[in-house]
Amino acid sequence: MTDANRFAADPLTHDDPDFSITHDAEPSGVLLAGFSSFGLAGLTAVDYLVDRLDLEETGHVTVDSLPSITPFENGQPRHHTRFFSRDDLDITVLTGELYVPQLAADALTTAITDWTAENDVREIAIPAGIPLAHGPDDHRTFYIATPDYHEKRLTDHDIPPMGSGFLDGVNAGILEHAIDTDLAAATYVTPVHAEVPDVDASLRLLDALDTVYDLALDTEPLEQFAKQVRDYYAELNARVEAVDDSQRPDDRMYM
């Protein structure tokens, strides 16, 4: 493998999104990927893995012909979708801060699965939130997995399968690709409150990943953050409820 491997989804037309992957180190055999989606649960989970496992950036994804973002922190810009790993851990983490619309999902899926095939990445797991109406008893994590992933990772763990339904977007594309290839793949899903960052959902996803991959995570800092988020939105909701109807915004997502 060269020092800087690049793999791009072949554009069908001039205006089709074109994702390119640059990776400067030997990828691990396992990829854990979280994307910007409902409640930011999966993205928050993989961000926490990067921090707690002390991983270093080893690559990134760029895209043409798609509205993009450039995140920054402490005045320094960074790529919106990045890879992280370390030499003594057989796990690479992909954090995707860019929201990818349905029209671009196939292109990103192709770029990722072509890259995994080229670099002998044998396994992908994707933590994600799903916006289901649910009560406290439904706060669990479920799996949707190919048979080879299930046999390798899930037979000894008490994580239930998701009963029925449909996946969409990049998560659906990766699992569909894995059905007919030797790539073992799973998505771990949990109900989320989609209108706000659902840190509690992220904790459930992290607990599942910790159980399956034996990561020895300390989630106490995230639990403390989850409490801060809950308290903040509880206070915000109380303030909104105290406002007269004539002054109340129609869409609380923009409070």
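Everything numeric in this text was worked out from a predicted model, so none of it was measured.

Thoughts on the layout of surface pockets
Here the largest pocket defines a volume of roughly 800 Å³. Forming the walls of the largest pocket are 33 residues, and the residues nearest its centre are Ser37, Phe38, Gly129, Asp168 and Asn171. Residue assignment for the lining of the largest pocket shows that the elements contributing at least two residues are helix H1 (41-52), helix H2 (102-118), strand S9 (123-130) and helix H4 (169-179).

Some thoughts on unusual backbone geometry
We note that leucine 40 has phi near 55°; this positive angle belongs to a residue other than glycine. By secondary structure assignment, the location of leucine 40 is in the loop between strand S3 (30-35) and H1. Given a relative accessible area of 34%, leucine 40 falls into the partly exposed group. Its identity is not glycine, yet asparagine 74 carries a phi of approximately 55°, on the positive side. With respect to the element layout, asparagine 74 can be found in the loop between strand S5 (72-73) and strand S6 (76-77). Overall, asparagine 74 belongs to the exposed group, its relative accessible area being 79%.

Side note on empty space enclosed by the protein
Taken as a whole, this structure holds 1 cavity of 30 Å³ or more when the rule is applied. By volume, the largest cavity amounts to about 40 Å³. In terms of lining residues, the largest cavity is bounded by Phe19, Phe35, Val61, His80, Thr81, Gly96, Leu98, Val100 and Leu108. Residue classes in the lining of the largest cavity are distributed as 6 nonpolar, 3 polar and no charged.

Digging into the pairing of strand S7 (residues 81-86)
For S7, the tally of buried residues reaches 5 of 6 residues, placing the bulk of the element in the interior. Taken together, the 5 bridges between strand S4 (residues 56-64) and S7 define a ladder with antiparallel strand orientation. Paired with glutamate 57 across the two strands is phenylalanine 84, which belongs to S7. The turn linking S7 back onto strand S8 (residues 89-96) is made up of 2 residues.

About the cut-offs
Residues numbered from 1 in each chain as written. Predicted model: local features only at pLDDT ≥ 70, side-chain atom pairs only at ≥ 80, totals over all residues. Heavy atoms only, no water. 1 Å grid on protein atoms, 1.4 Å probe; cavity = no way out; pocket = protein on both sides within 12 Å on 5 of 7 lines; lining within 4 Å. Points joined across faces, edges and corners; volume = space filled by probe spheres on them. Helix = DSSP H or I, 4+ residues; strand = E, 2+ residues; numbered from the N terminus. Buried < 20%, exposed > 50% of the residue type's maximum accessible area, 1.4 Å probe, protein only. Nonpolar A, V, L, I, M, F, W, Y, C, P; charged D, E, K, R; others polar. Pairing = 2+ DSSP bridges.

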